[in-house]
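Notes for the structure review
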2 protein chains.
Amino acid sequence: MEVKVVKRILEANELIAQENARLFAEHGIYVLNLMGSPGTGKTSLLERTLEALRGRWRIGVIEGDIATSRDAERIAQHGVPTVQINTGGACHLDGNMIRGALGEMDFDGIDLLIVENVGNLVCPAEFRIGEDDKAMILSVTEGEDKPLKYPLMFQVSSALLLNKIDLLPYVDFDVERLRENALKVNPRLEIMEISCKTGKGIERWIGWLEERAKRKKG
Amino acid sequence: MEVKVVKRILEANELIAQENARLFAEHGIYVLNLMGSPGTGKTSLLERTLEALRGRWRIGVIEGDIATSRDAERIAQHGVPTVQINTGGACHLDGNMIRGALGEMDFDGIDLLIVENVGNLVCPAEFRIGEDDKAMILSVTEGEDKPLKYPLMFQVSSALLLNKIDLLPYVDFDVERLRENALKVNPRLEIMEISCKTGKGIERWIGWLEERAKRKKG
């Protein structure tokens, strides 16, 4: 019974996500859905990304949070159009929430839209929002068994950012085992080691993102 | 529409949780629901707890995971009865899953049941399972703004374990600000700083847990 309800919700979401995707395509906007656990570094990566792409791409941001507009305030300081979605308890963004936020955006003013999802390693992976790519962040403090225990997000993501590698000397974390586990659930996953704190690895991430965005723009 | 469905699911869950609670009370079992993000240290805390309480309490464990039985295998090595629930994608445990697992437990053989929930800072907080207390773990790598951004779990928990304090020298984390933020959303929250790695603070946690369990046993 509960499963049926969930299935119907996902089907309805898929239709709206497809509409969003058509709208993005019409305006030539590449859309990235950024996901990961709470505190894994999503907003920090976004800040690094905005700094790196300044003057090269016109970027818009949608911030998804259950409560508060703290992340949106952090991002707006970078001078990019930012829309905050407060989900009011819901554990993920869905297509309809994004559609609602689009009314606040000037489509002709952006080439690249980055959506920061609610901090959650589970639910956001189930709901498409009309994105071109999903990217996920895992931090080295979370343990290398996570791809096996939470497989869906690793399966649906195009890129995995392994963040906080500056903490590797202080935690028990085996990067090679993480790679093995992640590639076991998704052999096509692009895995990049980064530190939003020191900036290490950010250049490669920016290269990947620009490559994907350019491919969309044609 | 979606909200109505969710409300009906929560009401149905509450009835089952109450039945579970009655069953636990009949057998004099104290039940703790342990929650937190992926990789925050739930299984490590459980292992520390089992070591500390060995020979003093008869403990049973229910492990909730989306996939794999890795945590249950870790715990079973401590020689306590352990039941694994694989939620098959679902992002939290609910009353019905616990009821299903109870058939695998010898109630007369345990005084204290610890349930490790799915790693998720959002959804598990919404579903009662018949527990006496909820306790949550946050690690210092997750940031001190989390009580404001994910308030529900902090509101419904009796205890907050602030884990990985051994990493404090290497991360930007303000313990006092975390305390302020957490107490703002739940003034009655018992906050304990711990390190599952070094063992620091574990004694206080064990004292708190035994005090709660004794109160239940009368």
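This text goes with the structure placed above it.
Values in this document were obtained by computation on a predicted structure and should not be read as measured data. (Residues numbered from 1 in each chain as written. Chains lettered and ligands numbered in written order. Predicted model: local features only at pLDDT ≥ 70, side-chain atom pairs only at ≥ 80, totals over all residues. Heavy atoms only, no water.)

1. Some points on the relation of the copies chain A and chain B
Mapping chain A onto chain B calls for a screw motion: a turn of 180° about the axis and a shift of 0.0 Å along it, with 0.0 Å RMSD after fitting. Seen this way, the second copy is the image of the first under a two-fold rotation axis. When each C-alpha of chain A is compared by its distance to the rotation axis, Asn120(A) comes out closest, at 3.1 Å. When the interface residues of chain A are mapped onto chain B, 100% of them again fall at the interface, so both copies present the same face. (Least-squares fit on C-alpha atoms with pLDDT ≥ 70 in both. Contact = heavy atoms within 4.5 Å.)

2. Things to note about the interface of chain A and chain B
The interface of chain A with chain B comprises 35 residues on the first partner and 35 residues on the second. Of the roughly 3000 Å² buried where chain A meets chain B, counting both sides, 58% is carbon and sulfur surface. Together, Pro38(A), Lys149(A) and Tyr170(A) form the three largest contributors to the area buried by chain A at its contact with chain B, with a combined 20%. There are 4 salt bridges connecting chain A and chain B. Its salt-bridge partner being Lys149(B), residue Asp71(A) comes within 2.7 Å of it at the nearest N-O pair. Summed over the shared surface of chain A and chain B, the result is 9 residue pairs in polar contact (both at pLDDT 80 or more). Sorting the residues of the side of chain A that touches chain B by element identifies α1 (2-26), α3 (70-76) and α5 (146-149) of chain A as the ones contributing at least two each. A per-class count over the side of chain A that touches chain B returns 16 nonpolar, 7 polar and 12 charged. (Buried area = accessible area lost by both parts, 1.4 Å probe. Salt bridge = Lys/Arg side-chain N within 4 Å of Asp/Glu carboxyl O. Polar contact = N/O pair within 3.5 Å; in protein donor to acceptor, adjacent residues only side chain to side chain. Helix = DSSP H or I, 4+ residues; strand = E, 2+ residues; numbered from the N terminus. Nonpolar A, V, L, I, M, F, W, Y, C, P; charged D, E, K, R; others polar.)

3. Remarks on the sheet that holds strand β3 (residues 82-86) of chain B
Residues and elements named next belong to chain B. Taking strand neighbours across the sheet as the criterion, the 7 strands line up as β3-β2-β4-β1-β5-β6-β7 in an open arrangement whose pairing is parallel. Here the strands that pair on one side only, and so sit at the sheet edges, are β3 and β7 (190-193). Each adjacent strand pair in this sheet contributes to an overall mean axis angle of 20°, direction not counted. Here strand β2 (residues 59-65) pairs with β3 via 5 bridges, running parallel. Paired with Ile-62 across the two strands is Val-83, which belongs to β3. Across the sheet, helix α7 (residues 175-185) touches β5 (133-139), β6 (159-163) and β7, and the angle it forms with β7 is around 160°. (Pairing = 2+ DSSP bridges. Axes fitted to C-alpha atoms, helices over the stretch in contact; angles between N-to-C directions.)

4. Some details on the side chain of Ser157(B)
Residues and elements named next belong to chain B. The topology assignment puts Ser-157 in the loop between α6 (151-156) and β6. Judged by relative accessible area, Ser-157 falls into the buried class, the value being 5%. Among the polar contacts listed, one links the side chain of Ser-157 to the backbone oxygen of Met-153, at a separation of 2.8 Å. With near-sequence residues (within four places) excluded, Ser-157 lies in contact with Met-35, Lys-134, Ala-135, Met-136, Asn-186 and Leu-189. (Buried < 20%, exposed > 50% of the residue type's maximum accessible area, 1.4 Å probe, protein only.)

Nothing here speaks to function; it is all geometry.
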